[in-house]
Amino acid sequence: MRIALFALEKILNAPFRLDPEARKDMGALEGRAVRVALEAPALSFDLAFTKDRIVVRAPDGSCDVTVRGSAMQLLALVRAKPEQTQKIVASGLKMEGDIDTALAMKRLFENAPVDWQEALANIMGDVPAHFVVRGLRRVGGSLRYAATRLAANGVAFLQDEERALPRPWEMDEFLAAVDTLRDDVERLGQRVRRLKAR
């Protein structure tokens, strides 16, 4: 566990060693701590911020904010554009505590994006890092494909087998019938108003 946290600390601090400009943003987080509680894989650790580095440690006392979710959700949050943040949080990532601290951490990583291959190369060498990153990309691609297929199969099952969801053409027919009914009601209302006016 301690070795994994040490390796993660090296990876997270790598872009700030390479870009002193990005380190300036760390001042906004000085003295704060973010607890990361991963659910898949199950792992908890704290990110404690100093003025020039991030300290990764085992959970220790209180923290300013706790972020809970899977490793993929957390990585997606760090890499997301500002307009995508709400969608990721809605996907099941939970934040408890001072949300401003979590957003300041997100901005910090946005301004100094981690080059995972270069960071891993500093720890394990160029060739292993290349294969690890390539493997992670393949796994990510496979997971995205599997999620897309699962969603499509789920919709098809609910439409065809369970009849819990309408098919697209059924929805079109329903909406057309609603439009017709609305027009008929409007015409009927006009007739009633004309008859009352007589």
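Asks: Please explain the sheet that holds strand 5 (residues 94–97) as it appears in this structure.
Replies: Strand pairing in a sheet relies on backbone hydrogen bonds, with the paired strands running either antiparallel or parallel. Taken together, the five strands give an open sheet; going across it, the order is 3-2-1-4-5, and neighbouring strands pair in mixed fashion. Each edge of the sheet is formed by a strand with only one pairing partner; in this case those strands are strand 3 (54–57) and strand 5. Sheet twist, expressed as the mean angle between neighbouring strand axes with direction ignored, is 20 degrees. With four bridges connecting them, strand 2 (residues 42–49) and strand 3 associate as antiparallel partners. Looking at the pairing, Ala 48 lines up with Val 55 of strand 3. Running at roughly 165 degrees to strand 3, helix 1 (residues 2–18) makes contact with strand 2 and strand 3 of the sheet.

Asks: So what exactly am I meant to see when it comes to the nonpolar core here?
Replies: Burial of nonpolar side chains together is a common tendency in soluble globular proteins. Val 34, Leu 47, Phe 49 and Ile 54 are the most contacted members of the largest nonpolar core, which has 23 residues in total. A total of five residues in this core trace back to one element, the largest contributor, which is helix 5 (residues 99–111). Ignoring anything within four residues of it in the chain, the contact list for Leu 47 reads Leu 12, Arg 32, Ala 33, Val 34, Val 36, Ile 54, Val 55, Val 56 and Met 105.

Asks: Would you explain helix 1 in this entry?
Replies: Given 3.6 residues per turn, any residue in an α-helix points the same way as the ones three and four places further on. With 17 residues, helix 1 should reach 24 Å at 1.5 Å per residue; the first-to-last C-alpha distance of 24 Å fits that figure. Within helix 1 the residues assigned to the buried category are Leu 5, Glu 9, Ile 11, Leu 12, Asn 13, Ala 14, Pro 15 and Phe 16.

Asks: Please explain the pattern of salt bridges as it appears in this structure.
Replies: Between side chains of opposite charge, a pair can form when the charged atoms approach closely. Under the definition given, this model contains nine salt bridges. Across the pair Arg 32 and Asp 98 runs a salt bridge, and its minimum N-O distance is 3.8 Å. Placement of the pair is Arg 32 in the loop between helix 2 (20–23) and strand 1 (33–39) and Asp 98 in the loop between strand 5 and helix 5, with a sequence separation of 66 residues. Taking the relative accessible area as the measure of exposure, Asp 98 reaches 30% and is therefore partly exposed. Where Arg 187 meets Asp 184, a salt bridge forms, and the shortest distance between an N and an O atom there is 2.4 Å. With Arg 187 and Asp 184 both in helix 8 (residues 168–197) and three residues apart, the pair spans about one turn of that helix. Taking relative accessible area as the criterion, Arg 187 reaches 48% and is therefore assigned partly exposed. Since its relative accessible area comes to 36%, Asp 184 is described here as partly exposed.

Asks: What is the right way to look at the environment of Arg 68 in this model?
Replies: Along the polypeptide, Arg 68 turns up in strand 4 (residues 65–69). Look past the residues within four positions of Arg 68 in its chain and what remains in contact with it is Ala 37, Glu 39, Gly 92, Leu 93, Lys 94 and Glu 96. A polar contact of 3.4 Å, which involves the side chain of Arg 68, links it to the side chain of Glu 96.

Asks: How do you make sense of the confidence of the model for the protein when you look at a structure like this?
Replies: Reading fine detail from the predicted coordinates is not recommended where pLDDT is low. The pLDDT averaged across the protein works out to 77; a share of 73% of its residues lies at or above 70. Ranking the elements of the protein by mean pLDDT puts helix 4 (residues 85–90) last with 58 and strand 3 first with 89.

Asks: Looking at this structure, I do not really get the side chain of Thr 101. What am I missing?
Replies: By the element assignment, Thr 101 lies in helix 5. Look at Thr 101 and you get buried, because its relative accessible area is 0%. If we skip the residues at most four places from it in the chain, Thr 101 touches Leu 29, Arg 32, Val 34, Asp 64 and Val 65.

Asks: Just to check I follow, could you spell out helix 5 for this structure?
Replies: Under the 1.5 Å per step criterion, the end-to-end length of helix 5 is 19 Å for 13 residues, consistent within 8% with the ideal 18 Å. Of all the residues in helix 5, the buried ones are Thr 101, Ala 102, Ala 104, Met 105, Lys 106, Leu 108 and Phe 109.

Asks: Would you mind going over the pairing of strand 4 with me for this structure?
Replies: Across a regular strand the side chains alternate sides, sitting on one face of the sheet and then on the other. In terms of burial, strand 4 is largely enclosed, as four of its five residues are buried. Pairing analysis gives five bridges linking strand 1 to strand 4, with the strands arranged parallel. Each bridged residue has a counterpart across the sheet, and for Val 34 the counterpart in strand 4 is Val 65. Summarising the sheet, strand 4 and strand 5 pair through four bridges and their orientation is antiparallel. Bridge pairing links Val 65 to Gly 97 in strand 5.

The rules behind these values
Residues numbered from 1 in each chain as written. Predicted model: local features only at pLDDT ≥ 70, side-chain atom pairs only at ≥ 80, totals over all residues. Heavy atoms only, no water. Pairing = 2+ DSSP bridges. Helix = DSSP H or I, 4+ residues; strand = E, 2+ residues; numbered from the N terminus. Axes fitted to C-alpha atoms, helices over the stretch in contact; angles between N-to-C directions. Contact = heavy atoms within 4.5 Å. Core = buried A, V, L, I, M, F, W, Y, C linked by side-chain atoms within 4.5 Å. Buried < 20%, exposed > 50% of the residue type's maximum accessible area, 1.4 Å probe, protein only. Expected span 1.5 Å × (residues − 1). Salt bridge = Lys/Arg side-chain N within 4 Å of Asp/Glu carboxyl O. Polar contact = N/O pair within 3.5 Å; in protein donor to acceptor, adjacent residues only side chain to side chain. pLDDT = per-residue confidence, 0-100.

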